[in-house]
Amino acid sequence: MPVFHLKYRPQKVTDLDLPEVSDKINSIISSETDFQSLLFAGPKGSGKTSAARIIAKAVNCLKPKNGEACRKCENCLEIEKGNSLDIIEIDAASNRGIDDVRGLKENAYLSPIRLKKKIFIIDEVHMLTKEAFNALLKIIEEPPKNTLFILCTTDAQKIPETVLSRLLKVNFRKGKEEDLERSLQKVIKGEKIEISEEAKNEIIVNSDGSFRNLQKTFNEIILEFGNKIGKEEVEKYFEASRGEYGGEELENDLRQRDIEEIIKKLEKMAEKGIDFGELRLKWLSYFHQKMLLNLDDGEIKRWIEILIKSGEMEKIAIIEQLPLELAVIEMVGDRVIMSRSDNRDTNPVEKVDEESRVIMSRSDNRDTNPIEVEMPKVDVKEIKVELSEVEEKWGNILGAVKPYNHSVEAFLRAARPKKIKDGKLLIEVFYKFHKEKLEEEKNRKIVEMGLLKVFGGAVRFDCVLAEADSKRTMPMAIVNKGDEKVVSESEIYDVAKNIFG
Ligand SMILES: [Zn+2]
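What you see is a predicted model; the values in this text were computed from it and never measured. (Residues numbered from 1 in each chain as written. Predicted model: local features only at pLDDT ≥ 70, side-chain atom pairs only at ≥ 80, totals over all residues.)

Before going further, it helps to examine the overall build of the protein chain. Across its full length, the protein chain holds 23 helices and ten strands. Among the 501 residues that make up the protein chain, the fraction classed as buried is 34%. Put simply, of all contacts in the protein chain between residues at least 6 apart along the chain, 74% involve residues at least 24 apart. (Helix = DSSP H or I, 4+ residues; strand = E, 2+ residues; numbered from the N terminus. Buried ≥ 20, exposed ≤ 12 C-beta atoms within 10 Å, placed from the backbone. Contact = placed C-beta atoms within 7 Å.)

And the structure:
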């Protein structure tokens, strides 16, 4: 399969898509001063990693000319093939901890194996933890001989000042129309493509200024429609791909830990009426491919396991998107909890009390805070309920909440009423993340609204985090359409066991 966006990827400094970046890098390479740490900052798909690889070649080429690599010597060829052990590319989004940077440090103090300089390209460097940044700072302050660090980021503001001040910064940006056109023209010429102006513009407009998107899209269009491209073909292509939530997009969202964004997109899919089973299989196949490319990526393996388990639930879920919603929450959520658990108080009981105090004071401020879900204007009387009532009507509560927000309903569905304490309902949740979400002001209102609808009075509630070992009995209340029948305890246990192991 021809892959033009790799074939036409810039290979020389002068080929770079952004002219000012090309100039700046040229002056850096040509200058006599030794440079050891660079920062490439700019949006996705603006050519940062391409530029980093070009520099790797330029500084290692055996016969460079005017700062440009020759692309013929053994060093150039080895680097272009991606075979060199001295070019180390690290994705900081999935290797963000202190141990990852320690490993990097050990490697950095070994001499290059074959090349003149060992090059570390660290992508999405802003994702490193604070400790990891501190460790990185030490390396950058006193860099080992014959090494060059190229840090890439889409969010330079998140990089600590101490680190920033040590780096020579090159700014990347989104492509303007003329930059994108120039980039496209290389492929059009090289592959002898016939394309109408309208079609070209449509592709450019849809690239969102990303050279990577642009080339990838164009590549796919050519593969699908051949060498003659008109407006109709391009429109057909975008029509088909629009709105689909692909594996790559999901992976990006997962790495950014952006659960709200993911749930929002899933809700959109639900409105469109897409087949969630099929979507899950597409995601699986995407991550499967990724896993084969990088067998060491533990996170990808974990995600695959969660997606496979989620399939078990498809057959019995009444709400179609629920299995995937819970799956993505687990895919993101567990990680969030794990990274925070270190800071957790040693005394969990005290912690809960402290949190409920915060919550109480927050709800006291209710009147001064504008809210998204309006409680009825009339005075609502606070009422006392029994635990058994809540248990009995749990399905109705879920049903009342759902029209306001599917995700809140999904969080509640993965929780259970635990007890009534001081007139307050305590809802047991199994992930810290669920607790945080449910206690967000706007979500809290939605739950209160659901309780109000079912019980006809205000019921106050708090969320409590379950003890770690009770996770096994996590409920998976499968409620049928009428929200009347709840499956038996043992069925719930079996389902939960299937899903969460
Ligand atoms: Zn060379």
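Although it is not a glycine, E124 adopts a positive phi angle of roughly 50 degrees. Considering the arrangement of structural elements, one finds E124 in the loop between β3 (118-123) and α6 (130-141). A positive phi is found at D422, a non-glycine position, where the angle reads about 50 degrees. Residue classification places D422 among the exposed positions, given that 8 C-beta atoms sit within 10 Å.

At a closest axis distance of 10 Å, the pairing of helix α8 (residues 177-190) and helix α9 (residues 197-206) adopts a crossing angle of 115 degrees. Judged by the twist between their axes, the crossing of α8 over α9 is right-handed. Contacts from E177, L180, E181 and L184 of α8 reach α9 at K200, I203 and I204. When its residues are assigned to classes, the contact of α8 with α9 shows four nonpolar, no polar and three charged. (Axes fitted to C-alpha atoms, helices over the stretch in contact; angles between N-to-C directions. Left-handed = near helix turned anticlockwise from the far one by under 90°. Nonpolar A, V, L, I, M, F, W, Y, C, P; charged D, E, K, R; others polar.)

In a beta sheet, neighbouring strands pair by backbone hydrogen bonds and run either parallel or antiparallel. If you trace the five strands from one edge of the open sheet to the other, you get β2-β3-β4-β1-β5, paired in parallel fashion. Two strands in the sheet have a free side with no partner beyond their single neighbour: β2 (87-91) and β5 (168-171). Neighbour-to-neighbour, the strand axes of this sheet turn through a mean angle of 15 degrees, independent of strand direction. Note that β3 and strand β4 (residues 147-153) share five bridges and pair parallel. Bridge pairing in β4 places I121 opposite I150. (Pairing = 2+ DSSP bridges.)

Glancing now at the sheet that holds strand β8 (residues 416-421). Strand order in the open sheet made by the three strands is β8-β9-β10, with mixed pairing throughout. Strands with a single pairing partner mark the edges of an open sheet, and in this sheet they are β8 and β10 (461-465). Shown here is a sheet whose adjacent strand axes are inclined to one another by a mean of 35 degrees, direction ignored. Judged from the five bridges that link them, β8 and strand β9 (residues 424-429) form a sheet pairing that is antiparallel. Across the sheet, residue K419 finds its bridge partner in β9, namely L426.

The subject of this paragraph is the nonpolar core. V328, I397, V401, F411, L412, V429 and V447 are the most contacted members of the largest nonpolar core, which totals 47 residues. Ranked by the residues each element gives to this core, the list is headed by helix α16 (residues 322-340), at eight residues. If near-sequence neighbours (up to four positions away) are discounted, V447 is found in contact with V401, V408, L412, L438 and F461. One finds L38, A56, V125 and L148 within the second-largest nonpolar core, a separate group that totals 45 residues. (Core = buried A, V, L, I, M, F, W, Y, C linked by C-beta atoms within 7 Å.)

Residue pairs three or four apart in sequence face the same way in an α-helix, which turns once every 3.6 residues. Under the 1.5 Å per step criterion, the end-to-end length of helix α13 (residues 259-272) is 20 Å for 14 residues, consistent within 8% with the ideal 20 Å. Of all the residues in α13, the buried ones are I259, I262, I263 and L266. Considered in projection along α13, the buried side chains sweep an arc of 95 degrees and stay on one side of the axis. Structural note: α13 exposes E260, K268, E271 and K272 on the side pointing more than 90 degrees away from its buried face. Immediately beyond the C-terminal end of α13, within one or two residues, lies G273, with a positive phi of roughly 75 degrees. (Expected span 1.5 Å × (residues − 1). Arc of directions from axis to C-beta.)

Once that is clear, we can look at the confidence of the model for the protein chain. Predicted confidence across the protein chain gives a mean pLDDT of 80, with 82% of residues reaching 70 or more. Within the model, pLDDT remains below 50 along residues 334-378, and this stretch shows 26 contacts once partners closer than five positions in the same chain are excluded. Confidence drops under pLDDT 50 across residues 471-501; counting only partners more than four residues distant or on other chains, this segment forms 45 contacts. (pLDDT = per-residue confidence, 0-100.)

Those residues of helix α12 (residues 247-255) that fall on the buried side of the exposure criterion are L250, D253 and L254. Summarising the axial view, the buried residues of α12 lie within an arc of 100 degrees, below the 170-degree limit, and thus occupy one face. Just past α12, the residue R257 takes up positive phi, approximately 55 degrees.

What follows concerns the environment of I193. With respect to the helices and strands, I193 occurs in the loop between α8 and β6 (194-195). Here the alpha-carbon distance between I193 and K228, two residues 35 residues apart in the chain, equals 6.2 Å. In contact with I193, not counting residues within four places along its chain, are V187, I188, I222, N227 and I229.

Here we take up the pairing of β3. Along any regular strand, the residues point their side chains to alternate faces of the sheet. Buried residues dominate β3, accounting for six of its six residues. Here β3 shows no split at all, with K118, F120 and I122 on one side and I119, I121 and D123 on the other all buried. Traced from β2 through helix α5 (residues 98-108) to β3, the parallel crossover comes out right-handed. The handedness of the β3 to β4 crossover, carried by α6, is right-handed. (Right-handed = clockwise from strand over helix to strand, strands pointing away.)

Take the packing of helix α2 (residues 19-30) against helix α3 (residues 48-60) next. Across the interface, α2 lies against α3 with an axial gap of 12 Å and an inter-helix angle of 25 degrees. Between α2 and α3, the angle falls in the class roughly parallel. Handedness of the α2/α3 crossing: right-handed. Across from V21, I25 and I29 in α2, the residues of α3 making contact are A51, I55 and A58. Each residue belonging to the contact of α2 with α3 can be placed in one class, and the counts come to six nonpolar, no polar and no charged. (Parallel < 35°, antiparallel > 145°, perpendicular 65-115°, else oblique.)

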